[in-house]
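Listed below are the residues making up each chain.
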Amino acid sequence: LGTVVCGLGPVAGDYLAAYQIRPRLAPLLGWSGGDRDKDEDEELRRQTALARKLRSALTNLGPTFVKVGQQLSIRPDVVPPAVLHELQRLCDAVPPFDDKIAMGVLREELERAASKERKRRRREDGHDENEELAIKGDINDRPNDNLEEEQQEDASNSNNILLEVFESTPRLVASASLGQVYRARLRSTDQDVAVKVQRPDILETVSLDLFLLLSYGRLVDKVCSVLTNQVPYHESFLTDFAAGAYMELNYENEGSNQEYFRSELRKRKGTKDRVVVPRVHGEYTTRRVLVSEWIDGTPLARSSPEQIRRLIPVGVELFLTQLLDIGRFHADPHPGNLYVTKSKEDGTTPVLCLLSASSPRRRRDGPETGPGDNPPTRPPRVGVRHERPQAQPDGNLGRAQRGLLPIPLQR
């Protein structure tokens, strides 16, 4: 908690000094604006400097706070353009962790995926678990010299698995809040792929951050309940945010959702030729590694104004199709997940590329699962949901329903 206060305290202090204290002191001290253009330039510089401090503080505080910054980066109704532009850098320009650690995680997860594939093939061939246990028993009865040789061979295979799967060592291309992306070429198909590797110890880091956020939510709810008539909602809101954060830590879930969106959007006439979702290579995907089709493109936020205007109808069609037709929608559409690429048909027409479908949300009346999907795994709960207090129609609940008080969406 002290780290969070020390990280965000200076930013909050600068904001209060610039936008709360200074405007109140200006009339008393006779400070008056002179040249309007100079005042606007000064305001832009002030906002940019404050936004850079905020981005740096969120980056230093860790993945959960980076996700908060990413959510703000798509809210032009909340933050001004200068701050918006700076926070968008959190989508794909987070400081990376060591490549050696990433390759260690990748090597371990590829071994796990290969082991799972071997077990699946054995089951298809009719081998059962008792036979596997018998094989293990035979291994235990072998001389120690043979065991040492086999262990050395297994270690050698583990070190070489990267070159067995890829033609060369994957190359880092981007770093985000929960992991970083590498580009590689599959040896089996000679296709370029994007390899997303999760940051080490991310579960512990995110859990601690979410615990602190929920503690803050409980405190704010208690204060608001005593000092105001507002319906408490902060803890409930942060609990839903935590559930989505835990879902994002499972790349197998993300791969399943990505394939679901790819299948559904290709069925619709409005999105079939205008929206691309990369194909997932499930045989190499695990909870901490996601391998998918590589697509060359440019972030939508960095495209030219003309191209953005041309793609606005496509984006509207995309999200209305998800919300009104499919019944499930991409819940994390920040600039790092929307790219512009070229159509495969003519190589010139710009189309949207939708990435990272890690935490889709369902409409209240939408289907529980997609075709062929397994029921979603309920993420671990890290807080207790408030029951909404009862109120008379003319009381606080009625005011909240009329939009005078903020209320969270309920399941």
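Residues numbered from 1 in each chain as written. Predicted model: local features only at pLDDT ≥ 70, side-chain atom pairs only at ≥ 80, totals over all residues. Heavy atoms only, no water.

Below, the discussion takes up the sheet that holds strand S9 (residues 350-354). Taken together, the four strands give an open sheet; going across it, the order is S4-S9-S8-S6, and neighbouring strands pair in mixed fashion. This sheet does not close on itself; its edge strands, each paired only once, are strand S4 (275-276) and strand S6 (298-299). Looking at chain direction, S6 and strand S8 (residues 338-342) are connected through two bridges and run antiparallel. Within S8, the position partnered with Thr298 by the bridge is Val340. Lying over the sheet, helix H12 (residues 305-326) contacts S4, S8 and S9, oriented at roughly 45° with respect to S9. (Pairing = 2+ DSSP bridges. Helix = DSSP H or I, 4+ residues; strand = E, 2+ residues; numbered from the N terminus. Contact = heavy atoms within 4.5 Å. Axes fitted to C-alpha atoms, helices over the stretch in contact; angles between N-to-C directions.)

A contiguous nonpolar patch, built from Tyr15, Leu16, Ile21, Leu25, Leu28 and Leu29 and spanning about 590 Å² of accessible area, is present on the exposed surface. Of note, Tyr15 is situated in helix H1 (residues 2-29). (Patch = residues over 30% accessible without salt bridge, like charges linked within 9 Å, V, L, I, M, F, W, Y side chains within 5 Å. Areas by Shrake-Rupley, 256 points an atom, 1.4 Å probe, with all protein chains shown as cover. Salt bridge = Lys/Arg side-chain N within 4 Å of Asp/Glu carboxyl O.)

Attention now goes to the packing of aromatic side chains. Throughout the structure, instances matching the rule amount to two aromatic pairs. One residue, Arg328, lies across the ring of Tyr260, its end atom 4.6 Å from the ring centre. (Phe/Tyr/Trp six-rings, centres within 6.5 Å; stacked < 30°, edge-to-face > 60°. Lys NZ or Arg CZ within 6 Å of the ring centre and 35° of its normal.)

Quick look at the pairing of strand S2 (residues 179-185) now. Of the strand pairs in this sheet, strand S1 (residues 171-175) and S2 are connected by four bridges, and their pairing is antiparallel. For Arg171, the partnering residue across the bridge sits in S2 and is Arg183. If you look at the hairpin formed by S1 and S2, you'll find three residues sitting between the two strands. Direction of pairing for S2 relative to strand S3 (residues 192-198): antiparallel, over a ladder of seven bridges. In the strand pairing of S3, Val181 is matched with Lys196. Here S2 folds back onto S3, and the loop between the two strands holds six residues, one of which, Asp190, carries a positive phi near 60°.

Attention now moves to helix H5 (residues 99-124). Given 3.6 residues per helical turn, the α-helix brings residues three or four places apart onto the same face. Taking 1.5 Å per residue, 26 residues should reach 38 Å; H5 reaches 37 Å between its end C-alpha atoms and fits that length. Among the residues making up H5, those that are buried are Ala102, Met103, Val105, Leu106, Glu109, Leu110 and Ala113. In this structure Asp98 caps H5, since a side-chain oxygen of it lies 3.2 Å from the backbone nitrogen of Lys100. Positive phi appears at Gly126, one or two residues downstream of H5, with a value of about 95°. (Expected span 1.5 Å × (residues − 1). Buried < 20%, exposed > 50% of the residue type's maximum accessible area, 1.4 Å probe, protein only. Polar contact = N/O pair within 3.5 Å; in protein donor to acceptor, adjacent residues only side chain to side chain.)

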